[in-house]
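# Observations on the model geometry
Residues per chain, in single letters:
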There are 2 protein chains.
Amino acid sequence: MVEVISAIEALDVRFPTSLSLDGSDAMNPEPDYSAAYVTIRTSAGEEGYGLAFTVGRGNDVQVAAVRALVPLVLGMPVADAFADLGAFSRRLTGDSQLRWLGPDKGAIHMAAAAIVNAAWDLRARREGKPVWRLLAEMSPDELVDLVDFRYLQEALTRDEALDILRRAEPGRAARQAELLASGYPAYTTTPGWLGYSPEKLATLAAAAVNDGFSQIKLKVGADLHEDVRRLRLAREVVGPGIRIAIDANQAWGVGQAIDWLRPLAQFDPYWIEEPTSPDDVLGHAAIRRAVAPIKVATGEHTHNAVMFKQLLQADAIDILQLDASRVAGVTENIAILLLAAKFGVPVCPHAGGVGLCEMVQHLSMFDFVAVSGTQQDRVIEYVDHLHEHFVDPVRIEAGRYLAPLTPGLGARLHADSVARYRFPDGPAWRETKAVVA
Amino acid sequence: MVEVISAIEALDVRFPTSLSLDGSDAMNPEPDYSAAYVTIRTSAGEEGYGLAFTVGRGNDVQVAAVRALVPLVLGMPVADAFADLGAFSRRLTGDSQLRWLGPDKGAIHMAAAAIVNAAWDLRARREGKPVWRLLAEMSPDELVDLVDFRYLQEALTRDEALDILRRAEPGRAARQAELLASGYPAYTTTPGWLGYSPEKLATLAAAAVNDGFSQIKLKVGADLHEDVRRLRLAREVVGPGIRIAIDANQAWGVGQAIDWLRPLAQFDPYWIEEPTSPDDVLGHAAIRRAVAPIKVATGEHTHNAVMFKQLLQADAIDILQLDASRVAGVTENIAILLLAAKFGVPVCPHAGGVGLCEMVQHLSMFDFVAVSGTQQDRVIEYVDHLHEHFVDPVRIEAGRYLAPLTPGLGARLHADSVARYRFPDGPAWRETKAVVA
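Residues numbered from 1 in each chain as written. Chains lettered and ligands numbered in written order. Predicted model: local features only at pLDDT ≥ 70, side-chain atom pairs only at ≥ 80, totals over all residues. Heavy atoms only, no water.

### With respect to the overall build of chain A
For the record, the criterion: A run of H or I in DSSP becomes a helix once it reaches four residues, and a run of E becomes a strand once it reaches two; helices and strands are each numbered from the N terminus. This radius of gyration counts C-alpha atoms alone. The globule rule is 2.2 Å times how many residues there are, raised to the power 0.38. Here the term buried applies to any residue with accessible area under 20% of the maximum for its type, exposed to any over 50%, and partly exposed to those in between, with areas from a 1.4 Å probe on protein chains only. Throughout, a contact is declared for two residues whenever any of their heavy atoms are within 4.5 Å. A 1.4 Å probe and the Shrake-Rupley method give the accessible areas. Residues count as covered only by the protein chains that appear here. A residue counts as positive if it is Lys or Arg and as negative if it is Asp or Glu; His and the chain ends are not included. For the purpose of locating charges, the reference atoms are NZ of Lys, CZ of Arg, CG of Asp and CD of Glu.
Along the backbone of chain A there are 17 helices and 12 strands. Computed over C-alpha atoms, the radius of gyration of chain A comes to 21 Å, within 12% of the 22 Å expected from 2.2 N^0.38 for 437 residues, which places it in the range of a compact globule. Across its three principal directions, the C-alpha atoms of chain A cover 65 × 55 × 45 Å. Buried positions account for 66% of the 437 residues belonging to chain A. Considering only intrachain contacts with a sequence separation of at least 6, the fraction spanning at least 24 residues in chain A is 73%. On chain A, roughly 13,800 Å² of surface is accessible, and the fraction owed to carbon and sulfur atoms is 50%. Distance from the positive charge centre (42 side chains) to the negative charge centre (56 side chains) of chain A: 1 Å.

Set out below in structure tokens:
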């Protein structure tokens, strides 16, 4: 009997992070880190796991969006799905009626991410490989076949993508060995949340340096005077050799961003992240021209490869921050990694949230082994939150992600965590006063 | 007792238009035109109506998105909402948790549109005015106060917006009289759906000219050979004096659009609409440079004012096609009209669908009276579908929209229609085989 996708379950799981102001920034004062948590089941009883990350309210809408996509792939033979995960992804993003809710953006696109990621997880489990290794061992042709070039080809042709992958092929084995031996550099956002006191910032920044991180990140953008104080304090604590990235989470207009950054420049911030609307390609380009040598970084809200293409075409960013579940999952992120390689822009993924560290490390590690071939100026964001809920949590040592060895994409939650944090009926929500919906 | 917003209801209403291939195009072969239909109720028993348009599957997600926004404004004093509908709109789009699902895009942004439009409808009903007249009788300062300039001001400052409105002020009365006397030009998409036979196309195109339309629109992009045949036929039927717009509904990549348009140019198409991804500002600019004198038009999927700003900054469009419920309703559309006026680009709104004609005419008429002050090269799309379900349907005469005289925004559906077409339980859906969810 042909094995088919027999069920796709989507659950509303929320963690009451607003109680501790973990994750607070200029636009997100009180997030409750959440996941539309997806399990794909096959008729042979196998499972794959994925999720779309949200910050609380609206996670129910995200779950509804996942459920709306389910009929598009339910009943599909697993072998067909795995034989062409590019087509599988396009089936989820290309439905003529559902795409009206995007197209290729917002809740319906993140829903595709959750299912696409679950399918990659399932395939990797079947092959007994972590996703980074599954990807890094595919041929250049197989990888390029996954990419939808329709809206990308004036920036990146199929042949150019093949060239990039072929150039990286000879060094794959050596870099895989290097990755297994010494991991991939991380930076930490743990010290820098806006809701933290100066004392907590100082203590955590010192601890980060102590733990081996060579880059930390601070949230800015709510109050200029406070930003100057916090950035001065952080620079004093970490010294001149540690990179300090700052992150405005879209708080500013274009001119305002340029003005705000002037008094912060003396503290040598490494990059300014999300200085303005994530949709504003030309605005990012204008800010970048004005604030150099501070680098401009964005991507966690960049909703698809077409937007990343333009950020690259317009010389709008120095750092590309892809996200595991904002775009349509692993498949679309392969296209984004190839675009970044073509334009020579380093990828420093957005992480934190729920399971984003677990998932996104696979993309950076694949990039290192088989695409860009370098870790130069690349770092994966790291936030020390909520990893205890994952069956295969990230492993960090001396400021580096260790390469995951267990099969899959890393998004599988402990069954206990799902039961406890299900919204609104899980015991964690019945017991807490943090219920906000 | 203070009158408050006491309830906001959102219903899933779908019309089985796929049965007749009305609305078929290169990306939407079989739409079921639908609405997340919103009623705002006040504690004094008054009601306002708005909707977000979708094309079938996913309308339930759209309804869920509306419901997720309801707590943000429920219980709010009506006087406070009306005193600052700009703040009311920002409350709906600015929630720190819900905006993660966008931000400012996709289902969550269209949900804001439905509620914002219902609030404008309610206010206009209270003042006994159609929305176009309510807006056209507000002072320049009141109008500018509605605009959120944060992400717009390097393209349009508050002072520039005020100047535009003040320059138009002296002529308001004369243009209002002109509008009431002779309406606003329309063009019709009725002949051009991709699923129609050549005979049906020819008959409907001839009828359109007969009915007084000076512009028609044809869908293209599925098959080049067919497009040449259909465009030749249409040109033969309507003659050289009628404008024929063509619409690819995002079917092409950038280079492909340029190539595809070359053999169509001989038939003198007036504009090419949505030649590529709606997110591709730079792609539209490249296409525009290559295909002139064919004009480039887009906007029905342009998800917010920041994207329109860039389309204008990049000289990417000749025609701006705003939509009543894609961006956050009347409020954000005021900003878009002001941006278009600043850049001197004519606005020719997207309509058709469910209630889009009814709503969007108010925006064009307001623009004529109080913003751009002209109808030159401006036309509102018209499609002769589903108007019978509206309490105040559009009135078309000799190819022109007559100015609506009844209070409100026009989105109120007949109660019978709502009952009959509610999905999935309404009798229209129980009786038909068109159930697709």
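### Remarks on the relation of the copies chain A and chain B
Selection criterion: Least-squares superposition aligns the copies on the C-alpha atoms of those residues with pLDDT at or above 70 in both.
Mapping chain A onto chain B calls for a screw motion: a turn of 180° about the axis and a shift of 0.0 Å along it, with 0.0 Å RMSD after fitting. The symmetry that links the two subunits is that of a two-fold axis. The rotation axis passes nearest to the C-alpha of Gly-106 of chain A in chain A, at a distance of 2.4 Å. A high fraction, 100%, of the interface residues of chain A reappear at the interface in chain B, so the copies pair face to face through one surface.

### Considering the interface of chain A and chain B
The test is simple: Defined in terms of a 1.4 Å probe, buried area is the accessible area two parts forfeit on being brought together, summed over both. Only one rule defines a salt bridge in this text: a Lys or Arg side-chain nitrogen within 4 Å of an Asp or Glu carboxyl oxygen. Here a polar contact means two N or O atoms within 3.5 Å. Within protein one must be a hydrogen donor candidate and the other an acceptor candidate, and residues neighboring in sequence count only if both atoms are side-chain atoms.
Each side of the interface is counted separately: chain A has 58 residues, and chain B has 58 residues. Carbon and sulfur atoms supply 56% of the area buried between chain A and chain B, which totals about 4,900 Å² over both sides. Contact with chain B buries surface across chain A, with Gln-97, Trp-100 and Leu-101 of chain A losing the most and accounting together for 19% of the total. Remark: the boundary between chain A and chain B carries six salt bridges. Between Lys-309 of chain B and Asp-280 of chain A there is a salt bridge, and its shortest N-O distance comes to 2.4 Å. Run the count over chain A and chain B and you get 34 residue pairs in polar contact (both at pLDDT 80 or more).

### Side note on the sheet that holds strand E2 (residues 34-42) of chain B
Each strand in a sheet pairs with another by means of backbone hydrogen bonds, the pair being arranged parallel or else antiparallel. Residues and elements named next belong to chain B. Under the convention used in this document: Should DSSP find at least two bridges between two strands, the strands are regarded as paired. Each axis is a line fitted through C-alpha atoms, taken for helices only over the stretch in contact, and angles between the N-to-C directions span 0 to 180 degrees.
In spatial order, the strands read E1-E2-E3; together these three strands make up an open sheet with antiparallel pairing. Each having just a single partner strand, strand E1 (5-14) and strand E3 (47-54) make up the two edges of the open sheet. Taking each pair of neighbouring strands and ignoring which way they run, the sheet shows an average axis angle of 20°. Relative to E2, E1 runs antiparallel, the two sharing nine bridges. Paired with Ile-8 across the bridge in E2 is Ile-40.

### So, the packing of aromatic side chains
Spelled out, the test is: Paired rings are identified among Phe, Tyr and Trp, the last through its six-membered ring, by centres lying within 6.5 Å, and are further divided according to the angle between planes into stacked (under 30 degrees), edge-to-face (over 60) and tilted (the rest).
This structure, assessed with the given rule, holds 22 aromatic pairs over all chains. Aromatic side chains Tyr-187 of chain A and Trp-271 of chain A sit 5.2 Å apart centroid to centroid with 90° between the ring planes, which places their arrangement in the edge-to-face category. With Tyr-187 of chain A in strand E4 (residues 184-192) and Trp-271 of chain A in strand E7 (residues 269-273), the pair connects residues that are 84 residues apart, well separated along the chain. Per residue, the accessibility class of Tyr-187 of chain A equals that of Trp-271 of chain A, and both read buried. Here the aromatic rings of Trp-252 of chain B and Trp-260 of chain B are separated by 5.3 Å at their centres, their planes lie at 35°, and the arrangement is tilted. Of the two residues, Trp-252 of chain B and Trp-260 of chain B, both sit in the buried class. Among the aromatic residues, those joined into a cluster by ring pairs are Tyr-33 and Phe-53 of chain A together with Trp-100 of chain B.

### A short note on the domain arrangement of chain A
Residue and element names in this part refer to chain A. For the record, the criterion: What fixes the domain bounds is an automatic or database domain assignment. Each residue is assigned to one of three groups, with Ala, Val, Leu, Ile, Met, Phe, Trp, Tyr, Cys and Pro labelled nonpolar, Asp, Glu, Lys and Arg labelled charged, and all others, Gly among them, labelled polar.
According to the domain assignment, chain A contains domain 1 (4-137) and domain 2 (165-415). Relative placement of domain 1 and domain 2: their C-alpha centres are 22 Å apart. Both sides of the domain 1 and domain 2 interface together cover about 3,900 Å² of buried area, and 67% of this is carbon and sulfur. Linking domain 1 to domain 2 there are zero salt bridges. Viewed at the interface, domain 2 and domain 1 are joined by 16 residue pairs in polar contact (both at pLDDT 80 or more). Residue contributions to the side of domain 1 that touches domain 2 peak at 10 residues, all from helix H4 (residues 106-126). Tallied by class, residues from the side of domain 1 that touches domain 2 come to 24 nonpolar, 13 polar and nine charged.

### Description of the environment of Glu-388 of chain B
Residue and element names in this part refer to chain B. Its location among the elements puts Glu-388 in the loop between strand E10 (380-382) and strand E11 (396-397). Take Glu-388: its relative accessible area is 55%, and that puts it in the exposed class. Spatially, the C-alpha atom of Glu-388 lies 9.0 Å from that of Ser-417, the residues being 29 residues apart in sequence.

### Concerning the UniProt feature "domain: Mandelate racemase/muconate lactonizing enzyme C-terminal" (unreviewed entry) in chain A
Convention followed: UniProt positions are given in the numbering used here, feature names are shortened, and annotations may be inferred rather than shown by experiment.
Look at the UniProt record and you will see "domain: Mandelate racemase/muconate lactonizing enzyme C-terminal" (unreviewed entry) annotated at residues 198-294 of chain A. Across residues 198-294 of chain A one finds 48% helix and 15% strand; the C-alpha atoms that close the span lie 24 Å apart.

### Brief notes about helix H15 (residues 356-371) of chain B
Residues and elements named next belong to chain B. The cut-off we apply is this: Expected helix span is taken as 1.5 Å per residue step, with the number of steps being one fewer than the number of residues.
Compared with the 22 Å implied by 1.5 Å per residue over 16 residues, the 21 Å span of H15 between its first and last C-alpha is a close match. Along H15, 16 of the 16 residues are buried, which leaves the element largely enclosed by surrounding structure. Following H15 by one or two positions, Gly-373 adopts a phi angle in the positive range, close to 75°.

### Topic: the state of the cysteines
Residues and elements named next belong to chain B. Test applied: Here, two cysteine sulfur atoms that lie within 2.5 Å of each other are counted as a disulfide.
Considering all chains together, one arrives at zero disulfides over all chains under this definition. Of all cysteine sulfurs, the one in Cys-357 lies closest to Cys-348, which takes part in no disulfide; the gap is 14 Å. Overall, Cys-348 belongs to the buried group, its relative accessible area being 0%. Take Cys-357: its relative accessible area is 1%, and that puts it in the buried class.

### So, the packing of helix H7 (residues 158-168) of chain A against helix H14 (residues 329-343) of chain A
Residues and elements named next belong to chain A. Put simply, the rule is: Every angle not falling under 35 degrees, over 145, or within 65 to 115 is termed oblique; those three ranges are roughly parallel, roughly antiparallel and roughly perpendicular.
Relative orientation of the contacting elements H7 and H14 amounts to 80°, with a least axis distance of 10 Å. Judged by the angle between their axes, H7 and H14 are roughly perpendicular. Where H7 approaches H14, its residues Glu-160, Ala-161, Ile-164 and Leu-165 are matched on the opposing element by Leu-338, Ala-341 and Lys-342. Of the residues belonging to the contact of H7 with H14, the class tally is five nonpolar, no polar and two charged.

### A word on unusual backbone geometry
Between Ala-292 of chain A and Pro-293 of chain A the backbone carries a cis peptide bond, its omega angle lying at 10°. Residue placement: Pro-293 of chain A occurs in the loop between helix H12 (281-291) and strand E8 (295-298). Of note, the amide linkage connecting Gly-102 of chain B to Pro-103 of chain B takes the cis form, showing an omega dihedral of -10°. Here Ala-398 of chain A, not a glycine, exhibits a phi torsion of approximately 50°, which is positive. Of the residues examined, Ala-398 of chain A reaches a relative accessible area of 55% and is grouped as exposed.

### Things to note about the sheet that holds strand E2 (residues 34-42) of chain A
Residue and element names in this part refer to chain A. Here we have three strands laid out as an open sheet, ordered E1-E2-E3, and antiparallel in their pairing. Across the chains shown, the open sheet's two edge strands, defined by having one partner strand only, are strand E1 (5-14) and strand E3 (47-54). Here the average twist between neighbouring strands, direction ignored, is 20°. Running over the sheet, helix H1 (residues 59-69) touches E1, E2 and E3 and is turned about 175° from E1. On the sheet, H4 packs against E1, E2 and E3 and is oriented at approximately 150° with respect to E3.

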